[in-house]
Amino acid sequence: MRKQTPLIAFTAFMLSAGIAHAQFLFWPQYRFWPGHYAPFKHKHHHRQTNSESAKNARPEDPPKGPLQIIISIADQRVSLFDNGALIARSSVSTGTQGHPTPLGVFSVISKQRWHRSNIYSAAPMPYMQRITWSGIALHAGVVPGHPASHGCIRLKNDFAIRLWHLTKRGTRVIIAHDDVQPVEITNPHLFQPKAVSGSPEFQAATVAGKSTLVSKAETPEATSLQVPSSAPAGGAPKKMVPISVFVSRKLSKLFVRQGFSPLFDAAVKIENPEEPLGTHVYTAMEFQSEGAVIRWTVVSIPDEFPRIEGAKKEREAPVKQTALSVPSPDKANAVLNRIEIPQDTVERISELLTPASSLIISDNGFSHETGKDTDFIVVTH
């Protein structure tokens, strides 16, 4: 009996721990992940233990639509939106005054579960999601309640694990000084599908369109789309690669990328080109009316942002987190109304349009880091 006692005690301990951990496994709609996680400690991240932890932390339900990760520097907070709805948020720690986190529009360009920094003495960066090739990433780390990193976005450990399993290459990341959020928008100048999903034209484009259909392995953020009468019986839905369209007031041009690769560009006309447009990220959510239209949201980034005043103030003053206010799409609508795109370009984009496609409009050009294996990177400050 004495030899069995330790085994029974160990089994009971593992069972109780498993039950406690299981409380975090579900992914209910319109509810947030728990906001208070234990601080990240390096000793808890050995390869053997974390492989099991990461496996168990995978959410049960996949996203309902395009994911958007929005980071507020002022609030030191990350908010996760699924199909335009807020589903999770947590505290973060961003860059200090000497090593600020860049503001702007990014996307996940690579992911690595066990990564060490090649810049800062091989510092561990578990559940790393890179957003620039120059070293900015989201990863698990110490979150002290104020900016403390060298430019990366540190996430609480449990949040980092769940987020890592949920995202794909191409997931949009927006970093702003203040808290911003997606809002529904309708405008006749927003791109719409060229053909109804049930029509022969749409089916033919879906089956034969080499530029839109790729294998799952090649897809930065593939969208599963079941097309009537085009998919084999019992077969998986077709995978379609979203496109990204970027309009720059500075360059008076429109650029299109798909699967992290450039497709084409075209000149555009902007009404009152000397007046700023701001930076706006329009995202296509899902097809509606059997593919006749697509629903859009927009995130508008404020034009000017104050920078962190000093490291001493960072540590003394607690982070003040503000509630999300419902923004108005009026400015984003006005911006769309000022841009004239050639009709043949509109038609070409409409043929490629899928859920999770995006339109970025900015006064700036794209960053020099926009290149091979990236979506458009637009740095606003």
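Residues numbered from 1 in each chain as written. Predicted model: local features only at pLDDT ≥ 70, side-chain atom pairs only at ≥ 80, totals over all residues. Heavy atoms only, no water.

**Regarding the overall build of the protein chain**
Moving on, step 1. A count of helical and extended segments in the protein chain gives seven helices and 21 strands.
Moving on, step 2. Within the protein chain, counting contacts between residues at least 6 apart in sequence, those at least 24 apart form 70% of the total.
Moving on, step 3. Accessible surface, the protein chain as shown: approximately 18,800 Å² in total, 55% of it carbon and sulfur. (Helix = DSSP H or I, 4+ residues; strand = E, 2+ residues; numbered from the N terminus. Contact = heavy atoms within 4.5 Å. Areas by Shrake-Rupley, 256 points an atom, 1.4 Å probe, with all protein chains shown as cover.)

**Some details on helix α7 (residues 343-352)**
Moving on, step 1. By the burial criterion, the buried members of α7 are Thr345, Ile349, Ser350 and Leu352. Taken around the axis of α7, the buried residues stretch over an arc of 160°, which confines them to a single face. Seen from the buried face of α7, the exposed residues on the opposite side, beyond 90 degrees, are Gln343 and Asp344.
Moving on, step 2. Buried residues in α7 make contact with β13 (243-248), β14 (253-258) and β15 (261-267). (Buried < 20%, exposed > 50% of the residue type's maximum accessible area, 1.4 Å probe, protein only. Arc of directions from axis to C-beta.)

**A few points about the packing of aromatic side chains**
Moving on, step 1. All chains considered together, the criterion is met by six aromatic pairs.
Moving on, step 2. Taken together, a centroid distance of 6.4 Å and an interplanar angle of 25° make the contact between Phe246 and Phe255 stacked.
Moving on, step 3. Cluster of aromatic residues (ring-pair linked, three or more members): Phe246, Phe255, Phe366 and Phe376.
Moving on, step 4. The ring of Trp164 carries the charged tip of Lys111 above its face, separated from the ring centre by 4.7 Å.
Moving on, step 5. Sitting over the face of the ring of Phe376, Arg257 holds its NZ or CZ atom 5.7 Å from the ring centroid. (Phe/Tyr/Trp six-rings, centres within 6.5 Å; stacked < 30°, edge-to-face > 60°. Lys NZ or Arg CZ within 6 Å of the ring centre and 35° of its normal.)

Everything listed here is a matter of geometry and, on its own, says nothing about what the molecule does.
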